[in-house]
Amino acid sequence: MAYIRDRHEELTGFQESQQYEERTDIGSDFVMVYRMNETTADRIKKYREKGYVIHLMTGISWGDYVDYLYGEWDGKEHLDEAQEDRDGNKILHGLRGEKLNPYMVPTVNFADYLTEKLKPTVDAGVEAIHVEEPEFWDRGGYSPAFKREYLMYYKTPWVAPHTSVDAHYKCARLKAYLFKRTIDRVSAAIKAYAMNKYGKLIRFYVPTHSLLNYTQWKIVSPEALLTDVPTVDGYIAQIWTGTSREKNTYEGKIGERTFECAYLEYGVMQELVKGTGRQMWFLQDPIEDQPCYDWAGYQDNYLKTVSAALLHPAINTYEICPWPHRVFAPGQKYPRNAEDAREIGDEYRSILNGCFQLLGDMPKCAPTSDVTVGMLISDTSLYQRNFPDGTINCEKARQVGTVLHETEEEMKEYTDILFAGKGDRDLRLRYEKTNMLPVFYGLTLPLLKHGMPIRPVLLDNARRFVGYLNDYKVLVASYEYCKPDYPDENAALATWVREGGTLIYVGDGMDPFHGINSFWTGKYPSAAEHLFDLLGVDWPKDGDKAVYKVGKGTVAVWKHAPGALTYSRDEADLWRAFFGDVLASRGYVWNHTNYIMEKRDPYVIAAVFDETVNNDELAFNGLYCDMFAADFKVVKDPVLKPGQNHVYFDFSKIAGETLRVIGTSARIHAADQNGDKLTLKVRAADTVHAAIRVRTPWPIKAEDVTVVNDKTSQTALITFIGDAEDKTIVLSKDGQW
């Protein structure tokens, strides 16, 4: 029956650094006990007693590693292995007491230290280990340890990344490699330890932000690169309000677009496991790291990320809540330090617990969209996030309102100049390296906002997997913010086109990083022209568009700055028109709508956009259950307005069923019918206002819970207060429907 499963399916989990608490017993399948310290073994024991499958999580670029840094581990200080910026400042993740807690340069010695630290957790019986957030800041690359690694990797002395585009790119590539090497070394050693000592196959995962977010935040991390590490079993897509509310520009307006960004972030993360058999959990956070927002804001953005995740039906496993103690524990008040700060309200708490259980009942299926469109992106987008000195006229940029490290106000000032059409090449290039990532969003948001469910696609994997691109009918590409790492990535694209694909390339060849030393150097001005040569097509003149037949496929090229597509609605309309004309020439129909929707029977997930083609409402005909309501309210003919997103249960999909759980904020262990009695075995977090809506063969009554029957849907709503203990609810027949 729905919602009832074995915890070893590991469909849902959470991470927690605190001891077990009844208020945070939120009923997932597994728990990732966080951090290795003197309390780890006891925390593992307590969660295991409560029935959870036990994983272990720790940071791999930062954490409780003061014993290593300050010489307690091997008698030698390792502070020279901290990441440093150009001015010699250590890049910190905070403090541990009075000692520094820096981001680390992942050396071989540090990898071996991590391995030894992790071995006791294997001894404690964990089923899996997660090393989260392999992060090397783009502004780093100046520490003594990094210089040593540079010499060993490139066999030449270190060259400062601010001196040229090639030096910057090479340093960034090395940063990604170092974390790949560390993950490879640690995971292989830990798996060997578990197998040799216990005959046990332990699993190894990497929780990581999306490639899109790390590109925005200017952090280098191995993403698709980890595909080449055989001992990695999967990932957690660390996507939440804090990553998805990062501002971008659309039709000349700077703003947060949490749903749209989350949709694209989840989209690129599912590509990490496509065709690999590896595991992917999508994360959502009921709050976020910034404690300055109120509960209404947290709730609105959380439900946006849930909806965005569910619109990718190839994934049905989730991390339901990082750090539940900071959401549910007494004394956790938000906005932090505000006079009106308060603890979470009963309604939002019930909604959250309902979503936690909903995510464990979500079926996996194929997308329902007819035209499958992908936007190419690559790990190399991480390697070119800042301009070295002298690459553009920085003094000229300062004169029009910007500096090297932009604040939001400074970005607004020079984007206003750009949008007014007064900017020059130097200013435009600086804009394209801001956190707003205008090249990517300039190409994706105008399509997504008009109902085209575009998905990011990893160019890196085109060379790894035969047929990787075959799921897509149309691919959008630009090498103005990423580059192919190998010539066979272009070759794979060319083959895909000749076999019937449609490639739309937008770019003007002005990105200075075309000048790096790579496979096209000395033969072509850019990687794009290498691709065009393989396809046998020409680069149009400035501003021109051209469409070519190549084999069974089509190549369309627009010589235009993709970042400029964010400047105004007119620019976005030009892009939509070109894109639409190319689709029409291939016989594909794009009906511009203001919504996207997926059906994961019996669930319907939909989002209605603002800033789009119209302000129409999206109406549903029939009887539904509102899965974002604390009481799983039954609604007839629901309507979504622009800016809203939702998940509904469609009663028409269970017309023949007489016993089914529709929605629940308690974990259900069993549900049985015996004659005129129904028995539910459940468990809900302490003090939560729990609700269970169940389809029943007849109206019901019970003594120790509240029951409200609904004849229209033939369901009963059962409510009670949870106590973090197993509870048996006996329901008796009470008439006929």
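For the structure, check the block above.
The text that follows walks through the structure, step by step, so that each part is easy to find. (Residues numbered from 1 in each chain as written. Predicted model: local features only at pLDDT ≥ 70, side-chain atom pairs only at ≥ 80, totals over all residues. Heavy atoms only, no water.)

### Overview of empty space enclosed by the protein
Left-over empty space is what a probe sized like a water molecule reveals as it rolls over the atoms. Where we set the bar: Buriedness of a pocket was judged along seven lines, with at least five required to meet protein on both sides within 12 Å; pockets are open sets of points on a 1 Å grid over the protein atoms alone, cavities are sets where a 1.4 Å probe fits but cannot get out, and lining residues have an atom within 4 Å of a point. Grid points are joined across faces, edges and corners, and a volume is the space filled by probe spheres set on the points. We call Asp, Glu, Lys and Arg charged. Ala, Val, Leu, Ile, Met, Phe, Trp, Tyr, Cys and Pro are nonpolar, and the rest, Gly among them, are polar.
Enumeration according to the criterion identifies 3 cavities of 30 Å³ or more in this entry. Space inside the largest cavity adds up to approximately 70 Å³. What lines the largest cavity is Tyr34, Arg35, Met36, Thr58, Gly59, Trp62, Gly63, Asp64, Tyr65, Arg96 and Lys117. When grouped by side-chain class, the residues that make up the lining of the largest cavity number 4 nonpolar, 3 polar and 4 charged.

### Looking at the environment of Leu475
Applicable threshold: We count a stretch as a helix when DSSP gives it H or I for four or more residues in a row; a strand needs E for two or more, and each element gets its number in order from the N terminus. Contact definition: two residues touch when any of their heavy atoms are within 4.5 Å.
As for its position among the elements, Leu475 is in strand E17 (residues 474-477). Counting along the chain gives 101 residues from Leu475 to Gly374, while the straight-line C-alpha distance between them is 4.7 Å. Leave out the neighbours within four places in its chain, and Leu475 touches Gly374, Leu376, Val457, Leu469, Leu493, Trp496, Thr502, Leu503 and Ile504.

### Some words on the nonpolar core
The condition is simple: The term nonpolar core refers to a set of buried residues drawn from Ala, Val, Leu, Ile, Met, Phe, Trp, Tyr and Cys, joined through side-chain atoms within 4.5 Å. With a 1.4 Å probe rolled over the protein chains alone, any residue whose accessible area is under 20% of its type maximum counts as buried; one over 50% counts as exposed, and the rest are partly exposed.
In this structure, Ile129, Trp575 and Phe579 are the most contacted members of the largest nonpolar core, which totals 227 residues. Residues within four places of Trp575 in sequence aside, it is in contact with Gly442, Leu443, Pro446, Leu447, Val476, Ile504, Val506, Trp558 and Leu565. Of all hydrophobic cores here, the second largest spans 10 residues; its members include Met411, Leu427, Ala561 and Tyr567.

### A few points about the packing of aromatic side chains
Applicable threshold: Pairing of aromatic rings covers Phe, Tyr and Trp, the last through its six-membered ring, and needs centres within 6.5 Å; plane angles under 30 degrees mean stacked, over 60 mean edge-to-face, and all others mean tilted.
Per the stated rule, a full pass over the model turns up 51 aromatic pairs. Between Tyr153 and Tyr177 the ring centres are 4.7 Å apart and the planes differ by 40 degrees, which places this aromatic pair in the tilted class. Of this pair, Tyr153 sits in helix H4 (residues 144-154) while Tyr177 sits in helix H5 (residues 165-198), and the two are 24 residues apart along the sequence. Given the relative accessible area of 27%, Tyr177 is considered partly exposed. Look at Phe387 and Phe513: their rings are 6.2 Å apart centre to centre, the planes differ by 25 degrees, and that puts the pair in the stacked class. Residue Phe387 is located in the loop between strand E15 (373-377) and helix H12 (394-399), and its partner Phe513 is located in the loop between strand E18 (502-506) and helix H17 (527-535); the two are separated by 126 residues in the primary sequence.

### Some remarks on unusual backbone geometry
For the bond from Tyr334 to Pro335, the omega torsion is -5 degrees, close enough to zero to count as cis. You can see Pro335 is positioned in the loop between helix H10 (325-328) and helix H11 (346-359). In the segment running from Asp601 into Pro602, the intervening peptide bond is cis, with an omega of 5 degrees. Among the secondary structure elements, Pro602 is positioned in the loop between strand E21 (595-600) and strand E22 (603-608). Non-glycine residue Asp637 carries a positive phi angle of around 50 degrees. In this structure, Asp637 sits in the loop between strand E25 (634-636) and strand E26 (639-640). You can call Asp637 partly exposed: its relative accessible area is 34%. In this structure, Thr687 takes a positive phi of about 70 degrees despite not being glycine. Within the secondary structure layout, Thr687 lies in the loop between strand E30 (677-683) and strand E31 (689-695).

### With respect to H11
Applied cut-off: One fewer than the residue count of a helix, multiplied by 1.5 Å, yields its expected span.
For H11, built from 14 residues, the straight-helix expectation of 20 Å at 1.5 Å per residue is met to within 8% by its first-to-last C-alpha distance of 20 Å. Of all 14 residues in H11, 12 are buried, a share of seventy percent or more. For H11, every residue scored as buried is listed here: Tyr348, Arg349, Ser350, Ile351, Leu352, Asn353, Gly354, Cys355, Phe356, Gln357, Leu358 and Leu359.

### Description of the state of the cysteines
In protein structure, a disulfide is the covalent linkage between the sulfur atoms of two cysteines. Spelled out, the test is: Note that a disulfide, as used here, is simply two cysteine sulfur atoms within 2.5 Å.
All chains considered together, the criterion is met by 0 disulfides. As a non-bridged cysteine, Cys292 has Cys261 as the owner of its nearest cysteine sulfur, 18 Å distant.

### Considerations on the environment of Lys218
Following the sequence through the fold, Lys218 ends up in the loop between helix H6 (211-217) and strand E9 (219-220). When the C-alpha atoms of Lys218 and Phe282 are compared, they prove to be 22 Å apart, with 64 residues separating the residues in sequence.

### Quick look at the sheet that holds strand E20 (residues 553-558)
The following threshold applies: Any two strands are treated as partners once DSSP identifies two or more bridges connecting them. Axis geometry follows a simple rule: fit a line to the C-alpha atoms, using only the stretch in contact for helices, then measure angles between N-to-C directions, giving values from 0 to 180 degrees.
Read across the sheet, 6 strands follow the order E16-E15-E17-E18-E20-E19 without closing on themselves; strand pairing throughout is mixed. Pairing within the sheet leaves two strands with one partner each, and these edge strands are strand E16 (455-458) and strand E19 (545-550). On average, adjacent strands in this sheet sit at an angle of 25 degrees to one another, irrespective of strand direction. Alignment of E17 against E18, held across 4 bridges, turns out to be parallel. Note on E18: the bridge partner recorded for Ala477 is Tyr505. Its contacts with the sheet place helix H8 (residues 258-270) against E15 and E16, and it is angled at close to 30 degrees to E16. Against the sheet, H17 makes contact with E18, E19 and E20, and its axis sits at roughly 150 degrees relative to E18, the strand it touches most.

### What to know about the sheet that holds strand E1 (residues 12-16)
A barrel is described by the order of its strands in space; here 8 strands give the closed sequence E1-E2-E3-E6-E8-E10-E13-E14, paired in parallel fashion. For this sheet, the mean inter-axis angle between neighbouring strands, taken without regard to orientation, is 25 degrees. Two strands pair when backbone bridges link them, and E1 and strand E14 (residues 318-322) are joined in this way by 4 bridges, in the parallel orientation. Looking at the pairing, Thr12 lines up with Tyr318 of E14. Across the sheet, H5 is in contact with strand E6 (128-132) and strand E8 (203-208); its angle to E8 comes to roughly 150 degrees. Each of E1 and E14 is contacted by H11, which is oriented at about 155 degrees to E14, the strand it contacts most.

### With respect to the environment of Thr554
Within the secondary structure, Thr554 is located in strand E20. Measuring from C-alpha to C-alpha, the distance between Thr554 and Leu211 comes to 28 Å, with 343 residues separating the pair along the chain. Once residues lying within four places of it in the same chain are set aside, the contact partners of Thr554 are Val497, Gly501, Thr502, Leu503, Val547, Tyr548, Lys549 and Arg586.

### Concerning the packing of H4 against H5
The condition that has to hold: To sort the angles, those under 35 degrees are grouped as roughly parallel, those over 145 as roughly antiparallel, those from 65 to 115 as roughly perpendicular, and the leftovers as oblique.
Remark: H4 packs on H5, axes separated minimally by 11 Å, with the N-to-C direction vectors making an angle of 95 degrees. By the angle between their directions, the pair H4 and H5 is classed as roughly perpendicular. For the pair H4 and H5, contact is made by Phe146, Glu149, Tyr150, Tyr153 and Tyr154 and by Lys170, Cys171, Arg173, Leu174, Lys175, Tyr177, Leu178 and Arg181, respectively.

### Some thoughts on the side chain of Glu598
As a reminder, the rule being used: In this tally, Asp and Glu contribute negative charge and Lys and Arg positive charge; neither His nor the terminal groups of the chain are included. Whenever a carboxyl oxygen of Asp or Glu lies within 4 Å of a side-chain nitrogen of Lys or Arg, that contact is scored as a salt bridge.
Looking at where Glu598 falls in the secondary structure, it is placed in strand E21. No salt bridge is formed by the buried Glu598; its nearest oppositely charged neighbour, Arg455, is found at 6.2 Å. Those residues in contact with Glu598 that lie beyond four places of it in its chain are Leu311, Pro313, Ala366, Pro367, Thr368, Ser369, Tyr603, Val604 and Ile605.

### Some thoughts on the pattern of salt bridges
The final tally for this structure, using the stated rule, is 45 salt bridges. The salt bridge involving Arg667 is made with Asp29; its shortest N-O contact spans 2.6 Å. With Arg667 in strand E29 (residues 667-674) and Asp29 in the loop between E1 and strand E2 (30-34), this pair connects stretches of sequence that are 638 residues apart. Taken as a pair, Arg667 and Asp29 share a single burial class, namely buried. With its nearest N and O atoms 3.2 Å apart, the salt bridge here joins Asp726 to Arg683. Note that Asp726 is positioned in the loop between strand E34 (715-721) and strand E35 (727-733) and Arg683 in strand E30, a separation of 43 residues in sequence. For Asp726, a relative accessible area of 57% puts it in the exposed group. When salt bridges with common partners are traced through the structure, they connect Arg257, Glu260, Lys449, Asp610 and Glu611 into a single cluster.

That's the geometry; what it means functionally is another story.
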